[in-house]
Amino acid sequence: MKKNKHSPIDIDLQPGHAIRRLHQISVGVFLQELGDLGVTPVQYAALQVVANQPGIDQRTLARAIALDASTTGGVVDRLETRGWLERRMSPDDRRTRLLFLTAAGEQGLNDAVPGMLRAQEQILAPLTLRQREEFMRLLLILVTQNNELSRAPSDSAARTAAPAG
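Residues numbered from 1 in each chain as written. Predicted model: local features only at pLDDT ≥ 70, side-chain atom pairs only at ≥ 80, totals over all residues. Heavy atoms only, no water.

Moving on to the packing of helix 2 (residues 41-52) against helix 5 (residues 103-124). Between helix 2 and helix 5, whose axes approach to 11 Å, the crossing angle comes to 120°. Regarding the angle of helix 2 to helix 5, the classification is oblique. Considering only the axes of helix 2 and helix 5, their crossing is left-handed. Contact residues: Tyr44, Leu47, Gln48 and Ala51 in helix 2; Leu109, Ala112, Val113 and Met116 in helix 5. Here the residues of the contact of helix 2 with helix 5 sort into seven nonpolar, one polar and no charged. (Axes fitted to C-alpha atoms, helices over the stretch in contact; angles between N-to-C directions. Helix = DSSP H or I, 4+ residues; strand = E, 2+ residues; numbered from the N terminus. Parallel < 35°, antiparallel > 145°, perpendicular 65-115°, else oblique. Left-handed = near helix turned anticlockwise from the far one by under 90°. Contact = heavy atoms within 4.5 Å. Nonpolar A, V, L, I, M, F, W, Y, C, P; charged D, E, K, R; others polar.)

Here we take up the pairing of strand 3 (residues 97-101). For strand 3, the buried fraction is high: four of the five residues fall into the buried class. Direction of pairing for strand 2 (residues 85-89) relative to strand 3: antiparallel, over a ladder of five bridges. Paired with Leu85 across the two strands is Leu101, which belongs to strand 3. (Buried < 20%, exposed > 50% of the residue type's maximum accessible area, 1.4 Å probe, protein only. Pairing = 2+ DSSP bridges.)

Below, the discussion takes up the packing of aromatic side chains. Counting across every chain of the model gives one aromatic pair. Between Arg82 and the ring centre of Trp84, over which it is positioned, the NZ or CZ distance is 3.9 Å. Residue placement shows Arg88 over the ring face of Phe100; its charged tip is 3.9 Å from the ring centre. (Phe/Tyr/Trp six-rings, centres within 6.5 Å; stacked < 30°, edge-to-face > 60°. Lys NZ or Arg CZ within 6 Å of the ring centre and 35° of its normal.)

A few words on the nonpolar core. In this structure, Tyr44, Leu47, Val50, Leu61, Leu79 and Leu85 are the most contacted members of the largest nonpolar core, which totals 23 residues. Secondary-structure elements contributing two or more residues to this core are helix 1 (15-34), helix 2, helix 3 (58-64), helix 4 (69-81), strand 3 and helix 5. A total of five residues in this core trace back to one element, the largest contributor, which is helix 2. Leaving out residues up to four positions away in the same chain, Leu61 has contacts with Ala46, Val49, Val50, Ile56, Thr72, Val76 and Leu99. (Core = buried A, V, L, I, M, F, W, Y, C linked by side-chain atoms within 4.5 Å.)

Another aspect to go through is the environment of Glu80. Looking at the element boundaries, Glu80 is found in helix 4. Looking at Glu80, the relative accessible area reads 30%, which means it is partly exposed. Taking the C-alpha atoms as reference points, Glu80 and Gly105, separated by 25 residues in sequence, lie 9.1 Å from one another. Excluding anything up to four places from it in sequence, Glu80 contacts Leu85, Glu86 and Arg87.

So, on to the layout of surface pockets. To locate leftover empty space, one rolls a probe as large as a water molecule over the atoms. What the largest pocket holds in volume is close to 1800 Å³. What lines the largest pocket is a set of 38 residues, among which His23, Ser26, Gln120, Leu139 and Val143 lie closest to the centre. No other element matches the eight residues that helix 6 (residues 129-145) contributes to the lining of the largest pocket. Of the residues in the lining of the largest pocket, the class split is 26 nonpolar, twelve polar and no charged. (1 Å grid on protein atoms, 1.4 Å probe; cavity = no way out; pocket = protein on both sides within 12 Å on 5 of 7 lines; lining within 4 Å. Points joined across faces, edges and corners; volume = space filled by probe spheres on them.)

Dropping the structure here:
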């Protein structure tokens, strides 16, 4: 058996591993806060973007929340089955479906926002206000500067780009 010539690597000190762990924690906290509503973080993102941009098409939604088109289609299907989203034919292109929140979707989103905000607060709770601002500034730099490396780049990353310096 060949011996490893490299020094041992502490995975806990690797950014990718730490980001994956923080994602696990983030999803866990989110589901703890919104478990009763049965809304996932991705479903929340889709609902919020549709609320912010009524009549958005599914491809644009996919780019806004950084998902591939087929995954976004599944999210939209589930929200439509639940009665929270509706698809309407575009008056400009019969092949394009535009997305709108239903009244139930608006209520669901209104019900979800307080839990989502509590989840964000809980995730950032170990940091001081100054540390939170710096963490978010650095995080946005990493996301925006590495956006094109994603399998599903986000259009919104360019809009929220933080200065690199």
